[in-house]
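# Residue-level structural notes
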Amino acid sequence: MLELWSPSRRYGLWRRLWLALAEGERSLGVVIPDEALSQMRAHLDDIDFGAVAKYEKEFRHDVMAHVYAFGDVAPAARPFIHLGATSAFVTDNADLILMREGLSVLREKLVAVLAALAGFARRWRAEPTLGYTHLQPAQLTTVGKRAALWMQDLVLDLADLDARVAALPLRGVKGTTGTQASFLEMFHGSHASVRALEQFVCRAMGFGKALPVSGQTYSRKIDAQVLGVVAGIATSAAKFGSDVRMLQSFGELSEPFESGQIGSSAMAYKRNPMRSERINSLARFVGALEPNANQTHAVQYFERTLDDSANRRLVIPEAFLATDAILVLMENVASGLEVYQARIRHRLMDELPFMATEHLIVRAVEAGADRQAIHEIIRRHSIEAASAMKNNGSANDLLERLAGDKEFPKGVDLTAVADPRRYIGRAPEQVDEFLAEIVQPLISGAPPRRDTREAIRV
């Protein structure tokens, strides 16, 4: 991801775009010598950034600085570089290419996280644990089913990512205000030639289509849409990080902790969830960038204003770089999660008798008891047991209290209701089905990363 957003990658794309434009113009009748194209092809990546800096200091214009620097190493092409184009031809088209490739890199990382979580979910598919609603103990689930919830978010993100990549257009060949007037002039009024040129450039850069209409720049709504996908991934990771941090505070689960790792400079016993905290920290940063893109789009008056430029040069790469780091961290945590079964069981058994009360009422009525009377007996003992737990630190002895109550039906098996597996429903089967039907096909069928450099015809 760092290489993708590097200056050499970005400006190498600019040169490839200029080459594709010149090749397309020549194929449609513009007189451009073979030597011009040969020199352009030979110098796509050997960019003299010192020369560029000197030109930019003089011109105060980054695109023209690169035009001149490219012309220095491809002198036969100098008269034709950037012919008919405006700066957005290279800046906007390159950004769209980089965002598409960035999404592809994130896709690889997403699939890797899914693979790590799938192994964890499979192993712990049937391990009962407390569920939580409103951050309060609720009906049981399993450790593996909770991991499936984390994966479900990522599966949704993956669908959004694939849809956005499939829909992403190139800006194309649009000219100064998007009317293609310069290219129409170049081809002496031939609309068909202008359209053919745009199609040529799209194919050369590995795109199936261009944005149908644009101003000087492509609509910045596209940036907002892409960052919506990127921020969505970061948000899913943040949910995972928050859950891990809380479960670690409960003592039920923890992120990896190296043998020599130090949790605190003062408190030697500490095992802080620093990786999950870092995920949350970076995710908050990425989440703050998404509305920025919408705000930028909103103030692109008419055909464009320039207050988007400096902003986008920060926001777009940083969103991708931070989310890439988030997914690296998430895979690391997911691959090394530690589960503490004894602690899970202890916390579960503190609450399980309360969760069995509805079941007990039904069984008591089946044994001939009055529903309202049994409800009152269970309510009274539940309150007393809860009070003893809170005030005395006692274990949950609700079942023992009921067993000793002469008014509670003796035909109700209190031992059977204490088995946590009675309360996990189809959680293990849901994990199995989810992994087999949804996750495994995504892991095994993940397409390889697409690099535009391999698609460009040179």
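Description of the structure in this document. (Residues numbered from 1 in each chain as written. Predicted model: local features only at pLDDT ≥ 70, side-chain atom pairs only at ≥ 80, totals over all residues. Heavy atoms only, no water.)

### Some remarks on the packing of aromatic side chains
Aromatic ring pairs are reported here in terms of the distance separating the ring centres and the angle at which the planes meet. Under the convention used in this document: Aromatic pairs are defined between Phe, Tyr and Trp rings, using the six-membered ring for Trp, whenever the two ring centres lie within 6.5 Å; interplanar angles under 30 degrees are classed as stacked, those over 60 as edge-to-face, and all others as tilted. Here a strand is any run of E in DSSP of at least two residues, a helix any run of H or I of at least four, and the numbering for each starts at the N terminus. For every residue, the accessible area obtained with a 1.4 Å probe (protein chains only) is divided by the maximum for its type, and the residue is called buried under 20%, exposed over 50%, and partly exposed between those limits.
Going through the model one piece at a time under the given rule, you end up with ten aromatic pairs. Between Y55 and Y68, the ring centres sit 5.4 Å apart and the planes meet at 50°, which makes this aromatic pair tilted. Of this pair, Y55 sits in helix α3 (residues 49-59) while Y68 sits in helix α4 (residues 62-73), placing them 13 residues apart in sequence. The class for Y55 is buried, based on a relative accessible area of 19%.

### Notes on the side chain of T296
Cut-off, in case you're wondering: Note on definitions: a residue-residue contact is assigned when non-hydrogen atoms from the two residues lie within 4.5 Å.
Along the chain, T296 turns up in helix α10 (residues 274-298). Not counting residues within four places of it along the chain, the set of residues in contact with T296 comprises D308 and N311.

### A look at helix α2 (residues 34-42)
As a reminder, the rule being used: The arc in question is the one traced by the directions running from the helix axis out to the C-beta atoms.
Listed as buried for α2 are A36, L37, Q39 and M40. Down the axis of α2, the buried side of the element spans an arc of 160°, and every buried residue falls inside it. Exposed and oriented more than 90 degrees from the buried face of α2 are D34 and A42. Where α2 is buried, its residues touch α1 (7-27) and α4.

### Some points on the pairing of strand β2 (residues 136-142)
Spelled out, the test is: Two strands qualify as a pair provided DSSP detects at least 2 bridges between them.
Two elements, strand β1 (residues 128-133) and β2, share five bridges in a ladder whose sense is antiparallel. Paired with G131 across the bridge in β2 is A138.

### Comments concerning unusual backbone geometry
The phi angle at Q180 is positive, at roughly 65°, despite the residue not being glycine. Assignment of secondary structure puts Q180 in the loop between α6 (143-167) and α7 (181-186). Residue Q180 is classed as buried on the basis of its relative accessible area, which comes to 19%. Phi at F302 is positive, roughly 50°, even though this residue is not glycine. Assignment of secondary structure puts F302 in the loop between α10 and α11 (309-335).

### Here we look at the layout of surface pockets
Take a probe with the size of a water molecule and roll it over the atoms, and the empty space left behind shows itself. Put simply, the rule is: Buriedness of a pocket was judged along seven lines, with at least five required to meet protein on both sides within 12 Å; pockets are open sets of points on a 1 Å grid over the protein atoms alone, cavities are sets where a 1.4 Å probe fits but cannot get out, and lining residues have an atom within 4 Å of a point. Grid points are joined across faces, edges and corners, and a volume is the space filled by probe spheres set on the points. Three classes are used: nonpolar for Ala, Val, Leu, Ile, Met, Phe, Trp, Tyr, Cys and Pro, charged for Asp, Glu, Lys and Arg, and polar for all others, with Gly counted as polar.
By volume, the largest pocket is sized at about 600 Å³. Around the largest pocket, the lining is made up of 28 residues, and of these D62, V63, T91, S309 and R313 lie nearest the centre. Mapped onto the lining of the largest pocket, the elements with two or more residues apiece are α1, α3, α4, α5 (87-123) and α11. Of the residues that constitute the lining of the largest pocket, the class distribution is nine nonpolar, eight polar and eleven charged. In this structure, the second largest pocket spans a volume of roughly 320 Å³. Forming the boundary of the second largest pocket are 14 residues, of which G131, Y132, R146, K239 and D243 lie nearest the centre. Breaking the lining of the second largest pocket down by element, the ones donating at least two residues are β1, α6 and α9 (221-250). Take the lining of the second largest pocket: its biggest share by element is five residues, from α9. A class-by-class count of the residues in the lining of the second largest pocket yields seven nonpolar, three polar and four charged.

### A short note on the nonpolar core
Convention followed: The term nonpolar core refers to a set of buried residues drawn from Ala, Val, Leu, Ile, Met, Phe, Trp, Tyr and Cys, joined through side-chain atoms within 4.5 Å.
One finds W18, M40, M151, F240 and F320 to be the most contacted residues of the largest nonpolar core, which totals 114 residues. Per-element tally for this core: the top contributor is α5, with 19 residues. Counting 21 residues, the second-largest nonpolar core is a separate cluster that includes L130, L348, L399 and V417.

### Points about helix α16 (residues 427-444)
Convention followed: A helix is expected to reach a length of 1.5 Å times the quantity of its residues less one. Bend at a residue means the angle formed by two fitted axes: the first through the 7 residues ending at that position, the second through the 7 residues beginning there.
Between its first and last C-alpha atoms α16 spans 24 Å; for 18 residues at 1.5 Å apiece the expected length is 26 Å, and the two agree. Residue L435 marks the point of greatest curvature in α16, where the axis turns by about 40°. Considered for burial, the residues of α16 that qualify are A427, P428, V431, F434, L435 and V439. Tucked into the core, α16 has its buried residues touching α5, β2 and α6.

### A closer look at the side chain of E127
Note the cut-off: Here the positive residues are Lys and Arg and the negative ones are Asp and Glu; neither His nor the chain ends is included. Salt bridges are defined as contacts in which a side-chain nitrogen from Lys or Arg sits within 4 Å of a carboxyl oxygen from Asp or Glu.
Note on placement: E127 falls in the loop between α5 and β1. Buried E127, no salt bridge; nearest opposite-charge side chain is R345, N-O distance 6.8 Å. Among residues more than four places away in sequence, those in contact with E127 are T141, T142, V143 and Q341.

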